[in-house]
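An overview of the molecular structure
Here is how the chains run, residue by residue.
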Amino acid sequence: MNKFQREVAITRNEPVARDTYALRVHFPELSAIVEPGQFVTMRVNDTLNPLLRRPYSVSRPIGDECEFLYYVIGKGTRILARKRVGDTVNILGPLGNSFGFNGDYETAVLVGGGIGVAPFPFLTSRLVDHGKKVVTFLGARTAEMVLSDNLVNLQVATDDGTAGFHGTVVDCMDDWFGAHSVAKPKIFSCGPTPMLAAVQSWSLGRGIPCELSLESEMACGFGICQGCPVEHRHAERTYALVCTDGPCFNAEDITFKRP
Amino acid sequence: MKTSLDIGSLHLKNRVLVASGTFGYGTEAATFTDVTLGGIVTKSVSLEPRAGNPPSRIAETASGMLNSIGLANVGVEAFLREKMPPLRELDTAIIANIAASSVNEYLEVMKRMEDEPGIDAYEINVSCPNVKDGGLQFGTSCSATAEVVRALRPHTRRPLIIKLTPNVTRISEFALACQEEGADAVSMINTLVGMSINIYTRKPKLSTVTGGLSGPAIKPVALAKVFEASQVVSIPVIGIGGIASWEDAVEFLLAGASAVQVGTMNFIDPDTGVKITRGMEEYARKTGLDSLDELVGAMVLPEGASAPGIMKSSSKGHD
Ligand SMILES: Cc1cc2nc3c(=O)[nH]c(=O)nc-3n(C[C@H](O)[C@H](O)[C@H](O)COP(=O)(O)OP(=O)(O)OC[C@H]3O[C@@H](n4cnc5c(N)ncnc54)[C@H](O)[C@@H]3O)c2cc1C
Ligand SMILES: Cc1cc2nc3c(=O)[nH]c(=O)nc-3n(C[C@H](O)[C@H](O)[C@H](O)COP(=O)(O)O)c2cc1C
Ligand code: FES
């Protein structure tokens, strides 16, 4: 798989929800080959602090451009948030695998928590192209943090009840499955690890196929540092790498239990 | 202008190598980078495959990072079968790095590698801080380090480079012991033991509590260690630690390194090594050098100064 490292120009960088920005860059080589679920790493400046590249999912390719969604949480994202149109950022990608959106199922159930919805716009457009039904569950802390652009058939859950279902996204999905019959579902989920663990046990308990897009600390992002392990579910103390074997994993294959 | 360096039978076309554990087995990064390097040092290879430590293995620190990989590697058999064939095709020196938990294991791994024609030299890792039996028990004992070299030396004609840890009081003693046992070069430094704590969960950021610190943050420590060692040995010292630019590499040469290895920066920019090679050559041309050898150990010392900790009667140290 080809990867590119380029200093690319920013064409959009503006808030789309509380503490959350959409960043668009001109990067034709990337937008031509990236698949939903894949990510890039960004070097936010050319100093040595912060040192490491930061991983971000491609939210959607738009012609020669690619758009990302990022939540401002620390050093790197604060620097990103200060960038203006015309500034540049060093991007390496595409990295990792993509969601297995082909296959024998009828309804794609997207379950995202917080900034974990980032890869869903791209995934949604592919799913629609493939003639799948899509239902999307979004979990957010509060109404101001819901990211609903470019998604379809939304069910929103907020921790504080300011929008949609009052509670977790998994409870919201559980309720909805109780009230609707869903034809041949497959779950695609991305978000914080505790949410992924809950989605995993929910889907395994019901025998519903499920893919999880994982996060990990990463130093390289392309398989050389061995810094991003996730434990295999069926072989204790052996690991897959989130950056190259993932970030998308079959829920059957991995475990989040920590020693 | 001469950029190459020969260490016994090891020919390096330039002075810049990539450090163990930071370039995989050489082929991963090759898909998007030009590998015009003096050499590639492989990930440490042990006798049996190792799965490595549980997550989390990485924590970023100020201009550096902590790692606790735990020598995750495919083991010597898979290394020879799967990793060497593509490595052999690259136009650069291949240095196999060996880690072990006993003298016998070092010897066993090396013997299995002897029949592989693509290996140009060995780097012996006596300095991994991240596993109980990763060699650091050798690397922090001068006599045990010497014993490893003594055991390996009669069984290979390939150059032996011993990779030393900075987690000792006097690295020069270790370098000297390696030289006396017939090592062809020493490389330094491996990572420094460090740690980091999440103040909200009160848990250490690494699963193993402590890990190895690397990156630009450690460069001044590495330079001082290279300087100290190169003052007492006549074999080449290969400088490692936080090198991010050609200026850094020149600094290491001036301190006494004959060549350098680039580690952590490969993660941030896989082309770092290639850029350093070009930058250093340009600097040498502009300053009218005939050979990069002219830079090695060419630091201009203030009158009467010497490296602290060196066994010279005149040295005072700076406590
Ligand atoms: C494959 C992948 C895809 C991602 N996609 C996106 C995306 O599309 N949008 C987005 O906003 N973020 C995404 N992330 C997370 C993103 O990389 C982090 O938000 C980013 O590194 C934060 O950088 P920072 O310098 O602002 O924060 P830092 O200063 O590095 O960290 C702030 C806090 O967040 C914690 N933290 C940092 N990185 C991670 C991590 N990877 N996992 C868990 N905790 C972490 C730190 O320990 C610290 O407490 C993704 C991560 C991965 C692995
Ligand atoms: C993620 C990671 C893995 C490493 N793995 C090894 C290894 O397997 N064997 C080894 O001898 N050194 C290993 N090292 C140490 C480096 O080779 C190097 O000595 C050290 O990182 C200092 O150089 P740097 O600051 O340029 O990274 C590793 C370093 C890092 C960051
Ligand atoms: S981040 Fe380096 S191997 Fe995954």
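Residues numbered from 1 in each chain as written. Chains lettered and ligands numbered in written order. Predicted model: local features only at pLDDT ≥ 70, side-chain atom pairs only at ≥ 80, totals over all residues. Heavy atoms only, no water.

1. Here we look at the interface of chain B and chain A
For the record, the criterion: Contacts between residues were defined by any pair of non-hydrogen atoms, one from each residue, lying within 4.5 Å. By convention, the term buried area covers the 1.4 Å-probe accessible surface removed from two parts as they join, with the contributions of both added. The working definition used for a salt bridge is a side-chain nitrogen of Lys or Arg within 4 Å of a carboxyl oxygen of Asp or Glu. A 3.5 Å cut-off defines polar contacts: any pair of N or O atoms within that distance qualifies, except that in protein one atom must be a possible hydrogen donor and the other a possible acceptor, and neighbouring residues in sequence count only when both atoms are side-chain atoms. A run of H or I in DSSP becomes a helix once it reaches four residues, and a run of E becomes a strand once it reaches two; helices and strands are each numbered from the N terminus. Under this grouping Gly is polar, as are all residues other than the nonpolar Ala, Val, Leu, Ile, Met, Phe, Trp, Tyr, Cys and Pro and the charged Asp, Glu, Lys and Arg.
Facing the 33 residues of chain B at the interface are 27 residues of chain A. The contact between chain B and chain A buries some 2700 Å² in all, and 63% of this surface belongs to carbon and sulfur atoms. Between chain B and chain A we count one salt bridge in total. When the shortest N-O distance is used, the salt bridge between Glu60 of chain B and Arg54 of chain A registers 2.8 Å. Between chain B and chain A we count eight residue pairs in polar contact (both at pLDDT 80 or more) in total. No other element matches the four residues that helix H8 (residues 265-268) of chain B contributes to the side of chain B that touches chain A. In the side of chain B that touches chain A, the residues fall into 17 nonpolar, eleven polar and five charged.

2. Describing the pairing of strand E8 (residues 107-113) of chain A
Residues and elements named next belong to chain A. As a reminder, the rule being used: Accessibility here uses a 1.4 Å probe with only protein chains present; expressed as a share of the type maximum, an area under 20% marks a residue as buried, one over 50% as exposed, and anything in between as partly exposed. We call two strands paired when DSSP finds no fewer than two bridges between them. By convention, orient the strands away from the viewer: a clockwise path from the first strand over the helix to the second makes the crossover right-handed.
For E8, the buried fraction is high: seven of the seven residues fall into the buried class. With burial as the criterion, each face of E8 is covered, one bearing Thr107, Val109, Val111 and Gly113 and the other bearing Ala108, Leu110 and Gly112. Relative to strand E9 (residues 133-140), E8 is paired through seven bridges, and the arrangement is parallel. Looking at E9, one finds that Val111 is bridged to Phe137. Following the chain from E8 across helix H3 (residues 120-129) to the adjacent parallel E9, one finds a crossover that is right-handed. As paired elements, E8 and strand E12 (residues 185-190) share six bridges and run parallel to each other. The residue bridging Thr107 from the neighbouring strand is Pro185, located in E12.

3. With respect to the packing of aromatic side chains
Centre distance and the angle of the planes are the two values used to describe a pair of aromatic rings. The condition that has to hold: Ring pairs are drawn from Phe, Tyr and Trp, using the six-membered ring of Trp, whenever the two centres fall within 6.5 Å, and their geometry is named by plane angle: stacked under 30 degrees, edge-to-face over 60, tilted for the rest. To sit over a ring, a charge needs its Lys NZ or Arg CZ within 6 Å of the ring centre and within 35 degrees of the ring normal.
Here the structure, examined in full by the defined rule, presents nine aromatic pairs over all chains. Ring geometry for Trp176 of chain A versus Phe177 of chain A: centroids 6.3 Å apart, planes at 70 degrees, classification edge-to-face. With respect to burial, Trp176 of chain A and Phe177 of chain A carry one shared label: buried. What links up through ring pairs into an aromatic cluster is the set Phe137, Trp176, Phe177 and Trp202 of chain A. A cation over a ring is seen here: Lys132 of chain A above Tyr105 of chain A, with NZ or CZ 4.1 Å from the ring centre. One Lys or Arg, Arg57 of chain B, reaches over the ring of Tyr239 of chain A and ends 5.0 Å from the middle of that ring.

4. Focus on helix H4 (residues 169-179) of chain A
All names here are of chain A. The condition that has to hold: Think of the arc as the fan of directions from the helix axis to the C-beta atoms.
Listing the buried residues of H4 in full gives Val169, Val170, Cys172, Met173, Trp176 and Phe177. Seen end-on, H4 carries its buried residues on one side only, within an arc spanning 155 degrees. When the buried face of H4 is taken as reference, the exposed residues oriented beyond 90 degrees from it are Gly178 and Ala179. Of the surrounding secondary structure, the elements contacted by the buried residues of H4 are E8, E9, strand E10 (154-158), strand E11 (165-166), E12 and helix H5 (193-206).

5. With respect to the site of ligand 1
All names here are of chain A. Stated formally: If a single non-hydrogen atom of a residue is within 4 Å of a molecule or strand, that residue counts as near it. Reported accessibility uses the Shrake-Rupley method at a 1.4 Å probe radius. Residues are deemed covered only where the shown protein chains occlude them. What fixes the domain bounds is an automatic or database domain assignment.
Residues in contact with ligand 1 amount to 19 residues; listed here are only the nearest, Arg54, Pro55, Leu69, Gly76 and Thr77. Between Tyr71 and ligand 1, the recorded distance is 2.9 Å, taken from a backbone N or O atom to an oxygen atom. Within the backbone of Gly74, one N or O atom sits 3.0 Å away from an oxygen atom of ligand 1. In the complex, 73% of the free accessible area of ligand 1, which totals 890 Å², lies under the protein chains. Elements with a contribution of two residues or more to the shell around ligand 1: strand E4 (54-57), strand E6 (65-71) and helix H2 (75-81). The residue makeup of the shell around ligand 1, split by class, is eleven nonpolar, five polar and three charged. Both of domain 1 (4-95) and domain 2 (107-255) provide at least three residues apiece to the shell around ligand 1.

6. Overview of the environment of Glu67 of chain A
All names here are of chain A. Note that Glu67 resides in strand E6. When its relative accessible area of 4% is taken as the criterion, Glu67 is described as buried. Counting along the chain gives 177 residues from Glu67 to Thr244, while the straight-line C-alpha distance between them is 22 Å. If sequence neighbours within four positions are ignored, Glu67 has contacts with Arg12, Ala22, Leu23, Arg24, Val58, Ser59, Arg60 and Ile62.

7. A closer look at the site of ligand 2
Within the structure, ligand 2 sits among 24 residues, and Ser20, Ser44, Lys163, Gly242 and Thr264 of chain B are positioned closest to it. Residues within reach of ligand 2 are spread across chains A and B. Lys43 of chain B has a polar side-chain atom sitting 2.9 Å from an oxygen atom of ligand 2. In this structure, an oxygen atom belonging to ligand 2 sits 3.0 Å away from a main-chain N or O atom of Ile189 of chain B. Each residue belonging to the shell around ligand 2 can be placed in one class, and the counts come to eight nonpolar, 14 polar and two charged.

8. Topic: the sheet that holds strand E2 (residues 20-26) of chain A
Residues and elements named next belong to chain A. Heads up, the condition is: Note on geometry: axes are C-alpha line fits, over the in-contact stretch for helices, and angles between N-to-C directions span 0 to 180 degrees.
Strand order in the open sheet formed by seven strands is E4-E3-E7-E1-E2-E6-E5, with antiparallel pairing between adjacent strands. The open sheet is flanked by E4 and strand E5 (60-62), the only strands paired with a single partner. Between one strand axis and the next, the sheet turns through 40 degrees on average, direction left out of account. Here three bridges tie E5 to E6, and the two strands are oriented antiparallel to one another. In the strand pairing of E6, Arg60 is matched with Glu67.

9. Some remarks on the sheet that holds strand E14 (residues 229-232) of chain A
All names here are of chain A. With antiparallel pairing, three strands are arranged side by side in an open sheet as E15-E14-E17. Looking at the sheet topology across the chains shown, the edges are occupied by strand E15 (239-241) and strand E17 (254-255). Where E14 lies against E17, two bridges are found, and the strand directions are antiparallel. Within E17, the residue paired with Glu231 across the bridge is Thr255.

10. Examining the domain arrangement of chain A
Residues and elements named next belong to chain A. Along its sequence, chain A is organised into domain 1 (4-95) and domain 2 (107-255). Distance from the C-alpha centre of domain 1 to the C-alpha centre of domain 2: 21 Å. Between domain 1 and domain 2, the residue contacts involve 22 residues of the former and 22 residues of the latter. Taken over both partners, the interface formed by domain 1 and domain 2 buries close to 2000 Å², and the fraction arising from carbon and sulfur atoms is 67%. Joining domain 1 to domain 2, the criterion identifies two salt bridges. Residues Glu144 and Arg18 are paired through a salt bridge, measuring 3.0 Å at the closest nitrogen-oxygen approach. Seen at the junction of domain 1 and domain 2, the total is five residue pairs in polar contact (both at pLDDT 80 or more). Every element with two or more residues in the side of domain 1 that touches domain 2 is listed here: strand E1 (4-17), strand E3 (39-43), E4, E5, E6 and strand E7 (88-95).

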